[in-house]
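Notes for the structure review
So you can see what is in the structure, the chains are spelled out below.
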Amino acid sequence: MGRWRDGDGTLTVGTGGEARVVPLRVAASYRARTRGLLGQDGIEGALLLTPCSSVHTFRMRFAIDVAYLDRKLNVVAVRTMKPGRLGLPRLRARHAVESQAGAMAGWGLRPGVRVTVDRAGPDGG
């Protein structure tokens, strides 16, 4: 994908007729990653944090699902985290996707699945 930038796009889980397309917000800058989902009551779609190998839910208002991705966007692990928790670092993880708790199971996002990220806008990424 090259250089990551803050912005909007889509996350595609699976392939063919079973593919699920999810609205995505990318947080690649230090400021956007630090803010993450703090101060929000929920999220439509998902948030991609990059680079990222661990997350926390301190001061969050809702439980989240977290999928850790490797360099090739393969899912390494998926966890559900309640507010006020500190996640363990994942050694192979380079990105993390956050969503409302329970959403990832509905998308079919589980370890071993490969996802694709498409960026919105004229530069495509």
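Quantities reported herein were computed from a predicted structural model and do not represent experimental measurements.

Looking at the nonpolar core
Membership of the largest hydrophobic core comes to 20 residues, with the highest contact counts inside it found for Leu11, Leu48, Val97 and Val115. Looking at this core, the elements that each hand over two or more residues are strand 1 (7-13), strand 2 (20-27), strand 3 (46-49), strand 4 (64-69), helix 2 (103-107) and strand 7 (115-119). Top element by residues in this core is strand 2. It accounts for three residues. Beyond its immediate chain neighbours, meaning those up to four positions away, Leu48 contacts Trp4, Leu24, Arg25, Val26, Ala27, Leu69, His95, Ala96, Val97 and Val117. Ala27, Leu47, Cys52 and Ala96 belong to the second largest nonpolar core, which has 17 residues in total.

Quick notes on the sheet that holds strand 3
Spatially, the seven strands line up as an open sheet ordered 5-4-6-3-2-1-7, and their pairing is mixed. Looking at strand neighbours, the two that pair on one side only are strand 5 (75-81) and strand 7, the edges of this open sheet. Put simply, the sheet's adjacent strands are angled 30° from each other on average, direction ignored. Of the pairings in the sheet, the one linking strand 2 to strand 3 comprises four bridges and is parallel in character. Considered in strand 3, the bridge of Val26 is made with Leu48.

Topic: the pairing of strand 1
Pairing geometry for strand 1 and strand 2, over seven bridges, is antiparallel. Looking at the pairing, Asp8 lines up with Arg25 of strand 2. Between the end of strand 1 and the start of strand 2, which pair antiparallel, lie six residues, with Gly14 showing a positive phi angle near 90°. The sheet contact formed by strand 1 and strand 7 spans five bridges and is antiparallel. When the sheet's bridge partners are listed, Leu11 is paired in strand 7 with Val117.

Observations concerning the environment of Arg31
Looking at where Arg31 falls in the secondary structure, it is placed in helix 1 (residues 30-35). By relative accessible area, Arg31 is classed as exposed at 67%. As for Arg31 and Asp6, which are separated by 25 residues in sequence, their C-alpha atoms are 9.9 Å apart.

Description of the environment of Ala63
Within the secondary structure, Ala63 is located in the loop between strand 3 and strand 4. Expressed as a C-alpha distance, the spacing of Ala63 and Gly102, which sit 39 residues apart in the sequence, is 9.0 Å. Apart from the residues lying within four places of it in its own chain, the contact partners of Ala63 are Met81, Lys82, Pro83, Ser99, Gln100 and Ala101.

Side note on the pattern of salt bridges
For the structure shown, the criterion picks out one salt bridge. Among the ionic pairs, Asp41 bridges to Arg61, the shortest N-O distance being 3.0 Å. Taken as a pair, Asp41 in the loop between helix 1 and strand 3 and Arg61 in the loop between strand 3 and strand 4 lie far apart in primary sequence, 20 residues in all. Of the two residues, Asp41 and Arg61, both sit in the exposed class.

Digging into the side chain of His95
Of note, His95 is situated in strand 6 (residues 95-100). Classification of His95 by relative accessible area gives buried; the value is 6%. Among the polar contacts listed, one links the side chain of His95 to the side chain of Thr50, at a separation of 2.7 Å. Other than its neighbours up to four places away in sequence, His95 contacts Trp4, Leu48, Leu49, Thr50, Cys52, Ala67, Tyr68, Leu69, Asp70, Arg71 and Leu73.

Definitions and cut-offs
- Residues numbered from 1 in each chain as written.
- Predicted model: local features only at pLDDT ≥ 70, side-chain atom pairs only at ≥ 80, totals over all residues.
- Heavy atoms only, no water.
- Core = buried A, V, L, I, M, F, W, Y, C linked by side-chain atoms within 4.5 Å.
- Buried < 20%, exposed > 50% of the residue type's maximum accessible area, 1.4 Å probe, protein only.
- Helix = DSSP H or I, 4+ residues; strand = E, 2+ residues; numbered from the N terminus.
- Contact = heavy atoms within 4.5 Å.
- Pairing = 2+ DSSP bridges.
- Axes fitted to C-alpha atoms, helices over the stretch in contact; angles between N-to-C directions.
- Salt bridge = Lys/Arg side-chain N within 4 Å of Asp/Glu carboxyl O.
- Polar contact = N/O pair within 3.5 Å; in protein donor to acceptor, adjacent residues only side chain to side chain.

These figures come from the coordinates and say nothing about function on their own.
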